[in-house]
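For reference, the chains in residue letters:
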Amino acid sequence: MVVNILPSTVKLRDLIRQIRSARTAAEERAIITKECAAIRDSFREEDNDNRCRNVAKLLYIHMLGYPAHFGQLECLKLIASTRFVDKRIGYLGVMLLLDERHDVQLLVTNCLKNDLAHSTQFVAGLALAALGNICSAEMGRDLAPEIEKLLKSSNAYLRKKAALCAVRIIKKVPDLIEVFIPLTKALINERNHGVLLTSVILIGEMCAINPDCIIHFKKCIFNLLRVLKNLIMAGYSPEHDVAGCSDPFLQVQLLRLLAILGKGDAEASEQMNDILAQVATNTETSKNVGNAILYQTVLTIMVIDAESGLRVLAINILGRFLLNSDKNIRYVALNT
């Protein structure tokens, strides 16, 4: 068996092509072993020019199931670089090769702290994405003040990512929920759909982790219903339209949150009845996105103290699902 030895500066696409052309598992392993040896040599020689390329190749090798954790420190060096392309590969490497149990987390925390305060939104966005994936309890406590600042940012791109980071942080450190409650209430009044979606997810997680939070957000039911009504009544918007439905992702998350807030509360449920009836009757059912919204509407109606007429409507929707030609939709109806 003849295996071509790849030069250390081979491009990622050339490595992928060579691995894919391997006819046997043994040939693939031989190619990867040779390339890993070349990458190790490059790391030892502190080859800064090819570090980004080598880490990218290493991540591909890791995705194939081969050990690649010897590149962890190189990822940190890329993160510390001033070049965006280096940071992008470095943070991707951190998310793939590290988890919250690794000892290098302290070094990662320092890098994250610096980049969260970066003047370029995309660099701060990389740091937020990484934190949302690898955050440990210690990192959550250390970086919560930075996330709190970014939730107050005037930049919607950063607020959206910061809200998702907050979801991870409160899962790791439930004590920090109190810090984020006032900020999350303010985000419900956002016009940006991305920020709205992530803030609704954050509220749902808060209520699931600590049911005492529900009382804080019941005051926001009117605002949530207003957002949902605007989505139903909104005309065509190319930015948010998915198969004829206006932002179905946000609609489904709003319905889930309303189910949490209305459960066991007759007064809150009464506020929701009219809007839920509108969702149930106005949603297009010819596409799967419409069926997804209707399914979540049915679940919400069944959870809250809905009026009898609304429950009948929900049961009728399930009946239509059972008659649908799509097996998946019929299964969903049976499983409900």
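Above this note sits the structure.
This is a predicted model, so every value here is computed, not measured.

1. Let's talk about the nonpolar core
Judged by nonpolar contacts, the single largest core of 110 residues is most densely connected at Ile-147 and Phe-180. Here Phe-180 is in contact with Ala-144, Ile-147, Glu-148, Leu-151, Ala-166, Ile-169, Ile-170 and Met-206, once residues within four sequence places are set aside.

2. Overview of the packing of helix α8 (residues 137–151) against helix α10 (residues 177–187)
At a minimum axis separation of 10 Å, α8 and α10 run at an interaxial angle of 20 degrees. When the interaxial angle is binned, α8 and α10 end up roughly parallel. In the packing of α8 onto α10, the handedness of the crossing is left-handed. Of the residues in α10, those touching α8 at Ala-144, Ile-147, Glu-148 and Leu-151 are Val-179, Phe-180, Leu-183 and Leu-187. Residue composition of the contact of α8 with α10, by class: seven nonpolar, no polar and one charged.

3. A closer look at the pattern of salt bridges
Enumeration according to the criterion identifies nine salt bridges in this entry. Across the pair Glu-74 and Lys-77 runs a salt bridge, and its minimum N-O distance is 3.4 Å. Here Glu-74 pairs with Lys-77, and both are found in helix α4 (residues 72–79), just three residues apart, close to one helical turn. Taking relative accessible area as the criterion, Glu-74 reaches 7% and is therefore assigned buried. Overall, Lys-77 belongs to the partly exposed group, its relative accessible area being 33%. In this structure, Lys-218 engages Asp-265 in a salt bridge whose closest nitrogen and oxygen atoms are separated by 2.8 Å.

4. Considering the packing of helix α7 (residues 121–134) against helix α9 (residues 156–172)
Their axes nearest at 8 Å, the elements α7 and α9 cross at an angle of 15 degrees. When the interaxial angle is binned, α7 and α9 end up roughly parallel. α9 is crossed by α7, and the crossing has left-handed handedness. Residues Gln-121, Phe-122, Ala-124, Gly-125, Leu-128, Leu-131, Gly-132, Asn-133 and Ile-134 of α7 form the contact with α9, whose participating residues are Tyr-157, Leu-158, Lys-161, Ala-162, Cys-165 and Arg-168. Residue composition of the contact of α7 with α9, by class: nine nonpolar, four polar and two charged.

5. Details of helix α16 (residues 288–303)
The first and last C-alpha atoms of α16 sit 23 Å apart over 16 residues, in line with the 22 Å expected at 1.5 Å per residue. Three or more residues of α16 are buried, namely Val-289, Gly-290, Asn-291, Ile-293, Leu-294, Gln-296, Thr-297, Val-298, Thr-300 and Ile-301. The inward-facing, buried residues of α16 abut β1 (241–242), β2 (245–246), α14 (248–262), α15 (266–282), α17 (308–322) and α18 (327–335).

6. Considerations on the environment of Glu-35
By secondary structure assignment, the location of Glu-35 is in helix α2 (residues 25–44). For Glu-35, a relative accessible area of 1% gives the class buried. Taking the C-alpha atoms as reference points, Glu-35 and Leu-58, separated by 23 residues in sequence, lie 9.0 Å from one another. At 2.8 Å, the side chain of Glu-35 and the side chain of Lys-57 are in polar contact.

7. Here we look at the packing of aromatic side chains
The tally for this structure, following the rule as stated, stands at two aromatic pairs. Taking the centre distance of 5.5 Å and the plane angle of 65 degrees together, the rings of Phe-122 and Tyr-157 count as edge-to-face. Within this pair, whereas Phe-122 is found in helix α7, its partner Tyr-157 is found in helix α9, the two being separated by 35 residues in sequence. With a relative accessible area of 44%, Phe-122 lands in the partly exposed category. A cation sits over an aromatic face here: Arg-40 above Phe-70, 3.8 Å from the ring centre.

8. Points about the side chain of Lys-87
By secondary structure assignment, the location of Lys-87 is in helix α5 (residues 84–97). Look at Lys-87 and you get buried, because its relative accessible area is 5%. Residues contacting Lys-87, with those up to four places away along its chain left out, are Leu-78, Ile-79, Ala-80, Ser-81, Asp-115, Val-123 and Leu-126.

9. Observations concerning the environment of Glu-138
Looking at where Glu-138 falls in the secondary structure, it is placed in helix α8. A sequence separation of 29 residues divides Glu-138 from Thr-109, and the C-alpha atoms of the two residues are 9.2 Å apart.

10. Remarks on unusual backbone geometry
Notably, Asp-247 is not glycine yet its phi reads approximately 45 degrees, a positive angle. Residue Asp-247 is classed as buried on the basis of its relative accessible area of 9%.

Analysis parameters
Residues numbered from 1 in each chain as written. Predicted model: local features only at pLDDT ≥ 70, side-chain atom pairs only at ≥ 80, totals over all residues. Heavy atoms only, no water. Core = buried A, V, L, I, M, F, W, Y, C linked by side-chain atoms within 4.5 Å. Buried < 20%, exposed > 50% of the residue type's maximum accessible area, 1.4 Å probe, protein only. Contact = heavy atoms within 4.5 Å. Axes fitted to C-alpha atoms, helices over the stretch in contact; angles between N-to-C directions. Helix = DSSP H or I, 4+ residues; strand = E, 2+ residues; numbered from the N terminus. Parallel < 35°, antiparallel > 145°, perpendicular 65-115°, else oblique. Left-handed = near helix turned anticlockwise from the far one by under 90°. Nonpolar A, V, L, I, M, F, W, Y, C, P; charged D, E, K, R; others polar. Salt bridge = Lys/Arg side-chain N within 4 Å of Asp/Glu carboxyl O. Expected span 1.5 Å × (residues − 1). Polar contact = N/O pair within 3.5 Å; in protein donor to acceptor, adjacent residues only side chain to side chain. Phe/Tyr/Trp six-rings, centres within 6.5 Å; stacked < 30°, edge-to-face > 60°. Lys NZ or Arg CZ within 6 Å of the ring centre and 35° of its normal.

None of this, on its own, says anything about what the molecule does.
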